[in-house]
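# Coordinate inspection notes
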Amino acid sequence: MLRKVNVTHPFWTKVTMIQEIKTGQSLTDLGEFGLIDLIARKVRPSSAVTIGIGDDAAAFQWRANCLALATTDMLLEGVHFDLSFCDPFRLGRKALAVNLSDIAAMGGRPRTFLLSLAIPKNFSIDFLNDFSSGLLEIAEEFGVTLIGGDTCVSHSGLVISITLYGEQEKQKVTQRSTARPGESIFVTGYLGDSALGLKLLREGQRKGDVIDRHLDPTPRVHEGLALAEAGLTCSMIDISDGLLSDLGHITGRSAMGARLYLNRIPLSREYSEYFGSDIHERYSLALGGGEDYELLFTAPTYRKCEIEVLFRKFGTPVSEIGEITAVPGIRLLSPEGETVHGIAAGYDHFLPRHGMKS
Ligand code: ADP
Ligand code: MG
């Protein structure tokens, strides 16, 4: 029998982990993060690694006082994109954007990347041409260069995998594990737009701001770098799996908890107009929907003004949405100060809730 336990572990504290792995166990029992933990536990610590498995990017010594950052993300047909409504140029942009977002979350400067493709035999050359144009357009926008990759045939849909490298001075790299009680929690942009965009696309709609946000997200590279350069953040992550799930990675890895105020969660006009006033309906995608690629970070409350000034320069919204607590767990508070229960947690590739990401 499986025994599920909530344990404190250097990598994952939020997830329910399986104590003992026996043959015949299913991935739906273990979940994505349980599986990563299973692999991570077998890795022997090495002096060559400064930050290993468990953060947005790994880090290792690069030059004197400078760390190299490395991150990798895959986009799979049928999981991350649907060929019936994705446009190849924007798919190219998104493939790199999701990786740029991870380097941004470390406060890093992205530099070079590798591109690996697995392609069905009769796939459209026009599609791949537009895809690579979009990819190289965003690469130029953020000053990163393609340095190699791998290409092979796929027997089950298009697979895109990118590994991105960046750099940052050791003391400026921002991690998930360094949040402390009393710090304010901030988030950039608006939440839930990407998940709403995907919902509308599936319903047949093809145009609109939230659809653009889903198909062509903006990685907050300049903002993440500026925060790190100014030493304004104590911990940081990007929101790829949903606010609650990704905040759970900060609180979990920092062995902390958090209080979130629902009425401070930033919602765009299009999102607000779509949903009614029912609290569960209104906040479910903003808290549990993935792929917003906004930055979530903690900082001392007294630095709020400096943070707001910095974000004004970029024209990017930033909101203070809660605080870190010493008590574990994430508590959601309604405008009346009551604890809210039952809002969806976030994306896990192997748990039964989802068909396609978001
Ligand atoms: P993100 O959402 O920031 O891309 P993930 O949730 O995908 O991060 O991964 C969390 C951590 O687990 C990262 O440090 C990532 O490098 C690591 N990881 C994910 N899959 C594997 C794997 N198959 N083997 C080793 N490490 C992995
Ligand atoms: Mg990330």
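Presented here is a report on the structure given in the accompanying data block. (Residues numbered from 1 in each chain as written. Chains lettered and ligands numbered in written order. Predicted model: local features only at pLDDT ≥ 70, side-chain atom pairs only at ≥ 80, totals over all residues. Heavy atoms only, no water.)

## Here's the deal with the site of ligand 1
Where we set the bar: For this purpose, a residue is taken to be near a molecule or strand whenever a single non-hydrogen atom of the residue falls within 4 Å of it. Polar contacts, as counted here, are pairs of nitrogen or oxygen atoms within 3.5 Å of one another; within protein the pair requires one atom able to donate a hydrogen and one able to accept it, and residues that are adjacent in sequence qualify only if both atoms are side-chain atoms. Areas reported here follow the Shrake-Rupley algorithm with a probe of radius 1.4 Å; residue values treat only the protein chains shown as occluding. Gly falls in the polar group here, along with every residue not listed as nonpolar (Ala, Val, Leu, Ile, Met, Phe, Trp, Tyr, Cys, Pro) or charged (Asp, Glu, Lys, Arg).
Surrounding ligand 1, one finds eleven residues, the nearest of these being G54, D55, D56, D102 and S240. A distance of 3.0 Å separates an oxygen atom of ligand 1 from a polar side-chain atom of S240. Burial of ligand 1 by the surrounding chains reaches 67%, relative to a free accessible area of 560 Å². Considering only residue class, the shell around ligand 1 consists of four nonpolar, two polar and five charged.

## A word on the packing of helix 6 (residues 221-229) against helix 10 (residues 304-314)
Under the convention used in this document: A fitted line through C-alpha atoms serves as each axis, taken over the contacting stretch for helices, and the angle formed by two N-to-C directions is quoted from 0 to 180°. A run of H or I in DSSP counts as a helix once it spans at least four residues, and a run of E counts as a strand once it spans at least two, with each numbered from the N terminus. Crossing handedness is read from the near helix: turned anticlockwise from the far helix by less than a right angle, it gives a left-handed crossing, and turned clockwise, a right-handed one. We call two residues contacting when some pair of their heavy atoms lies within 4.5 Å.
Two numbers describe how helix 6 lies on helix 10: the axes approach to 11 Å, and their chain directions differ by 145 degrees. Here the hand of the crossing between helix 6 and helix 10 comes out right-handed. Across the interface between the two elements, H222, E223, A226 and L227 from helix 6 touch L310, F311 and F314 from helix 10. Here the contact of helix 6 with helix 10 is built from residues that sort into five nonpolar, one polar and one charged.

## Re the packing of aromatic side chains
In this description, an aromatic ring pair is defined by two values, namely the gap between the centres and the angle between the planes. Under the convention used in this document: Pairs were defined over the aromatic rings of Phe, Tyr and Trp, the Trp ring being its six-membered one, requiring ring centres within 6.5 Å. Orientation was assigned from the angle between planes: stacked under 30 degrees, edge-to-face over 60, tilted for the rest. Buried, partly exposed and exposed residues are distinguished by accessible area as a fraction of the type maximum, computed with a 1.4 Å probe on protein chains only: under 20%, between the cut-offs, and over 50%, respectively.
Throughout the structure, instances matching the rule amount to five aromatic pairs. Summarising the aromatic geometry, the rings of F186 and F297 are spaced 5.4 Å apart at their centres and angled 15 degrees between planes, so their arrangement reads as stacked. Here F186, found in strand 9 (residues 184-188), pairs with F297, found in strand 12 (residues 295-299); they are 111 residues apart in sequence, far enough to count as distant. Just as F186 is buried, F297 falls in that class too. Their ring planes at 50 degrees and their centres at 4.8 Å tell us that Y271 and F275 sit as a pair that is tilted. Note on F275: relative accessible area 10%, which makes it buried.

## Topic: the nonpolar core
Side chains of a nonpolar character, in soluble globular proteins, are inclined to be buried together. Put simply, the rule is: Side-chain atoms within 4.5 Å link the members of a nonpolar core, which is a set of buried Ala, Val, Leu, Ile, Met, Phe, Trp, Tyr and Cys residues.
L96, I160 and F297 are the most contacted members of the largest nonpolar core, which has 48 residues in total. Contributions of two or more residues to this core are made by strand 5 (66-76), helix 2 (88-105), strand 6 (109-119), helix 3 (125-141), strand 8 (159-169), helix 6, strand 12 and helix 10. Among the elements that make up this core, the one with the highest residue count is helix 2 (eight residues). Once residues within four sequence positions are removed from consideration, L96 is found in contact with F113, L135, I138, A139, V144, I162 and L164. Judged by nonpolar contacts, the second largest core, of 37 residues, contains A195, L260, L267 and L285.

## What to know about the sheet that holds strand 7 (residues 145-153)
Note the threshold: We call two strands paired when DSSP finds no fewer than two bridges between them.
One open sheet accounts for six strands, arranged 3-4-5-8-6-7; its pairing is mixed. This sheet does not close on itself; its edge strands, each paired only once, are strand 3 (49-51) and strand 7. Within the sheet, the average angular offset between the axes of one strand and its neighbour, ignoring direction, is 30 degrees. In the sheet, strand 6 pairs with strand 7 via eight bridges, with the strands oriented parallel. In the sheet register, A118 faces strand 7, and the bridge partner there is C152.

## What about the coordination of the magnesium ion (ligand 2)?
Note the threshold: Each metal site is built from N, O and S donor atoms within 2.8 Å (3.2 Å for Na, K and Ca), and since water is not included, such sites may look incomplete.
On the protein side, the magnesium ion (ligand 2) has D56 (OD), D102 (OD) and D238 (OD) as donor atoms, found 2.0 to 2.1 Å from it. Written as a sequence motif, the donor residues of the magnesium ion (ligand 2) are D-x45-D-x135-D. Of this pair, D102 sits in helix 2 while D238 is found in strand 10 (residues 235-238), placing the two residues 136 residues apart along the sequence. You can call D238 buried: its relative accessible area is 1%.

## Observations concerning the sheet that holds strand 12
Taken in spatial order, the six strands of this open sheet run 10-12-9-13-11-14, and their pairing is mixed. In this open sheet, the two strands that pair with only one neighbour each are strand 10 and strand 14 (329-333). Along the sheet, successive strands turn relative to each other by an average axial angle of 25 degrees, direction set aside. Sheet topology places strand 9 next to strand 12; four bridges connect them, and they run antiparallel. Within the sheet, the bridge partner assigned to V187 lies in strand 12 and is L296. Where helix 10 meets the sheet, it contacts strand 9, strand 12 and strand 13 (318-325), and its direction lies at approximately 145 degrees from that of strand 13.

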